[in-house]
Amino acid sequence: MDLGQIMNLMRSGILQVLILVAPVLGAALIIGLVVAIFQATTSIQEQTLTFLPKMLTILAVLALLGGWMFAMLRDYTIALFGQIPALAR
């Protein structure tokens, strides 16, 4: 196993993680921004107000995209295990 193969494995793993977490983090970011704008316009400065909408949004995104995320992670894992014999040489 040479350095190029290791770098390729690390790059593909990091890319896979970024693809899987992007929808969840994007939704949480958008909801956080909306709640922050709401708090700024109404002068409500309650810190716990942002927690529940973010949590519900993250759970909704996971419920909607969980199957796709699992399938993508499963395919990546199968491909990774398929590369083990080639990496052992």
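So, here's what we can say about the structure.

## Structural notes on the packing of helix α1 (residues 3-42) against helix α2 (residues 51-82)
- Axis separation between α1 and α2 bottoms out at 10 Å; the angle between their running directions is 170°. Relative to α2, the element α1 is oriented roughly antiparallel.
- Of the residues belonging to the contact of α1 with α2, the class tally is 20 nonpolar, 5 polar and 1 charged.

## Focus: the nonpolar core
- Among the nonpolar cores identified, the biggest contains 5 residues, and these are L20, V24, A27, V61 and M69.
- Elements that contribute at least two residues to this core include exactly α1 and α2.
- Excluding its chain neighbours within four sequence positions, the residues that come into contact with L20 are M69, M72 and L73.

## Some remarks on the pattern of salt bridges
- With the rule as written, the count across this model stands at 1 salt bridge.
- Of the charged contacts, one joins R74 and D75 as a salt bridge, the two residues approaching to 3.4 Å between their closest N and O atoms.
- When its relative accessible area of 43% is taken as the criterion, D75 is described as partly exposed.

## Considerations on α2
- Considering bend angle alone, the principal kink of α2 is centred on L65 and spans about 60°.
- When α2 is considered as a whole, its buried residues turn out to be T57, V61 and M69.
- Those residues of α2 that are buried lie in contact with α1.

## Some words on unusual backbone geometry
- Positioned with a positive phi, S43 is a non-glycine residue whose angle comes to about 60°.
- Structurally, S43 can be placed in the loop between α1 and α2.
- Look at S43 and you get exposed, because its relative accessible area is 59%.

Rules of the game
- Residues numbered from 1 in each chain as written.
- Predicted model: local features only at pLDDT ≥ 70, side-chain atom pairs only at ≥ 80, totals over all residues.
- Heavy atoms only, no water.
- Axes fitted to C-alpha atoms, helices over the stretch in contact; angles between N-to-C directions.
- Helix = DSSP H or I, 4+ residues; strand = E, 2+ residues; numbered from the N terminus.
- Parallel < 35°, antiparallel > 145°, perpendicular 65-115°, else oblique.
- Nonpolar A, V, L, I, M, F, W, Y, C, P; charged D, E, K, R; others polar.
- Core = buried A, V, L, I, M, F, W, Y, C linked by side-chain atoms within 4.5 Å.
- Buried < 20%, exposed > 50% of the residue type's maximum accessible area, 1.4 Å probe, protein only.
- Contact = heavy atoms within 4.5 Å.
- Salt bridge = Lys/Arg side-chain N within 4 Å of Asp/Glu carboxyl O.
- Bend = angle between axes of the 7 residues up to and from the residue.

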